[in-house]
Amino acid sequence: MGVSKMINMKDLIKKQNDMIRKESGMNIKESTLSYEALRKNFEKTYKAYWDAVNDLQLSLEKQGKKKESMMIHRKYSKEVLGFHAWLRQIIRKWFK
């Protein structure tokens, strides 16, 4: 077996966020964004984050660590999705 490389989630998420901003044409230095621009960026960023988490889960499952994979899934569902729903409501409330 080869040596497995640890995934640096912080760097991966930053790269994905930068890629999303570049693809969407969003200027990172914009001071005021419309509700729609904020919502779109927010949703794309969460999608990228979920994809990174899902990749981690699949990697664990390939190593036979299904229990650890499910633990990550449950934690993500409970904490990240809860925050996602809350923040979506806040953005809607503050920017509409």
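Structure shown above.
Presented here is a report on the structure given in the accompanying data block. In this numbering scheme, every chain counts its residues from 1 along its sequence in written order. Local features in a predicted model are, by the rule used here, given only for residues with pLDDT of at least 70; side-chain atom pairs are given and counted only at 80 or more, and totals for whole chains, interfaces and linings are based on all residues. As a rule here, side-chain values come from all non-hydrogen atoms in the structure, and water together with hydrogens is ignored.

Centres within 6.5 Å make a pair out of two Phe, Tyr or Trp rings, where for Trp the six-membered ring is used; the pair is then stacked when the planes are under 30 degrees apart, edge-to-face when over 60, and tilted otherwise. Counted under the stated rule, the structure contains three aromatic pairs. Where Y49 meets Y76, the ring centres are 5.9 Å apart and the plane angle is 35 degrees; that geometry is what we call tilted. Of this pair, Y49 sits in helix α2 (residues 35–62) while Y76 sits in helix α3 (residues 66–95), placing them 27 residues apart in sequence. You can call Y49 partly exposed: its relative accessible area is 27%. The exposure class of Y76 is buried, given its relative accessible area of 7%. Among the aromatic residues, those joined into a ring-pair cluster are Y49, W50 and Y76. Helix numbers and strand numbers start at the N terminus; a helix is a DSSP run of H or I with at least 4 residues, a strand a run of E with at least 2. Three labels apply to residues, based on accessible area from a 1.4 Å probe with only protein chains included: buried if under 20% of the type maximum, exposed if over 50%, partly exposed otherwise in between.

Attention now goes to the pattern of salt bridges. Close approach of charged atoms lets side chains of opposite charge pair. Each reported salt bridge corresponds to a side-chain nitrogen of Lys or Arg within 4 Å of a carboxyl oxygen of Asp or Glu. Inspection of the entire model under this criterion finds three salt bridges. In this structure, E43 and R88 form a salt bridge, with 3.2 Å as the shortest nitrogen-oxygen distance. Of this pair, E43 sits in helix α2 while R88 is found in helix α3, placing the two residues 45 residues apart along the sequence. In this structure R88 comes out as partly exposed when scored by relative accessible area, which is 33%. The shortest N-O distance in the salt bridge between K75 and E79 comes to 3.0 Å. Within this pair, K75 and its partner E79 are both found in helix α3, separated by four residues, close to a single helical turn. Overall, E79 belongs to the partly exposed group, its relative accessible area being 43%.

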